[in-house]
Amino acid sequence: MTAGVWGVLHPPQKNIKNKNTKALLKRKIRVSMKEDIYFKNMISLVNASKVYHQSGEEILLFRDVSFSVEIGKKIAIVGSSGSGKTTLLSLLAGLEPPTTGKLLWDTKDFFSLSDAEKNEIRRNEMGFIFQNFELFDSFTALENVLLPLELLGNADEEKAMAMVDAVGILHRKNAYPSEMSGGEQQRVAIARALVHQPRFLFADEPTGNLDKNTAQKILSLLIDQLSSKQSLVVITHDMLVAERMDEVWSIKNEKLVRER
Ligand SMILES: Nc1ncnc2c1ncn2[C@@H]1O[C@H](COP(=O)(O)OP(=O)(O)O)[C@@H](O)[C@H]1O
Ligand SMILES: [Mg+2]
């Protein structure tokens, strides 16, 4: 995005000859300041609770939880089955609202935004990796990776191809999910989640369905692809995965507890 902005304004002029150039340079400064501010954005849950109703019973998953994902942070979430890990990701990604409390996108109340604004944030700024890969069966590997770019109105096949290459499956680009191993499918899912360079990546037990060896390789691949300006929230039971993150949190008694 930054490159695009600078590209439009290129080249900077040494001798400011006319008003137009001055105006352009002013705009450039304004844009660059905006970007700086923009990069301080984070996602925060503020005093959030979550209650589900199941056959007349209330299930309380979170009680008064406040939690932030800062730009560039790599965070692992651990917790027993049914403790609410997947729900926590849905809350952070704004896929569902907290029962009480707020989700803030920078300083804005995410759920007060219009559907169009929410969709734009999700499409531009978020990527998802699921335990079961969730690839589209009738799409090839390359077509799956191209999809997020298509949704953003820029089906840049070269970019998708470069991402497919980066995750080591260029030779499988025309294969359908049913023709790929679990490890290969997860590589496609990683490429699809990262191809549009989202600021926030959410991964729900991304190596849970892979053998240990493959899991380690895939995880390294995932971490290697992330820049220092991208954040990762990964749910995992694997302590080797958790060890490689900046922070480890666990879900205990409807709260998030910092483990490391
Ligand atoms: N949409 C839903 N409606 C009702 N109950 C739900 C819903 N989603 C999850 N739950 C319940 O919330 C609890 C936590 O689920 P989940 O977040 O998937 O846990 P985890 O990912 O830690 O295994 C479970 O008891 C589950 O049945
Ligand atoms: Mg889960």
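Look up a bit, the structure's there.
Below or above, wherever it landed, is the structure these notes cover. (Residues numbered from 1 in each chain as written. Chains lettered and ligands numbered in written order. Predicted model: local features only at pLDDT ≥ 70, side-chain atom pairs only at ≥ 80, totals over all residues.)

1. Quick look at the overall build of the chain
Here is step 1: Scanning the chain for helices and strands turns up 9 helices and 10 strands.
Here is step 2: Expressed as a percentage of the 260 residues in the chain, the buried residues total 30%. (Helix = DSSP H or I, 4+ residues; strand = E, 2+ residues; numbered from the N terminus. Buried ≥ 20, exposed ≤ 12 C-beta atoms within 10 Å, placed from the backbone.)

2. Describing the packing of helix α5 (residues 141-151) against helix α6 (residues 157-166)
Each pair of packed helices can be summarised by the angle the axes make with each other and by the distance between the axes.
Here is step 1: Where α5 meets α6, the closest approach of the two axes is 9 Å, and the angle between their N-to-C directions is 125°. As far as their axial angle goes, α6 and α5 are oblique. Considering how the two elements wind past one another, α5 and α6 form a crossing that is right-handed. Of the residues in α6, those touching α5 at Ala 141, Leu 142, Val 145, Leu 146 and Leu 149 are Glu 157, Lys 159, Ala 160, Met 161, Met 163 and Val 164.
Here is step 2: For the contact of α5 with α6, a count of residues per class yields 9 nonpolar, no polar and 2 charged. (Axes fitted to C-alpha atoms, helices over the stretch in contact; angles between N-to-C directions. Parallel < 35°, antiparallel > 145°, perpendicular 65-115°, else oblique. Left-handed = near helix turned anticlockwise from the far one by under 90°. Contact = placed C-beta atoms within 7 Å. Nonpolar A, V, L, I, M, F, W, Y, C, P; charged D, E, K, R; others polar.)

3. Focus: the environment of Glu 70
Here is step 1: Here Glu 70 shows up in the loop between β2 (57-69) and β3 (74-78).
Here is step 2: For Glu 70, a count of 14 C-beta atoms within 10 Å gives the class partly exposed.
Here is step 3: With 129 residues separating them in the primary sequence, Glu 70 and Arg 199 have C-alpha atoms 10.0 Å apart.
Here is step 4: Beyond its immediate sequence surroundings of up to four residues, Glu 70 is in contact with Met 42 and Ser 231.

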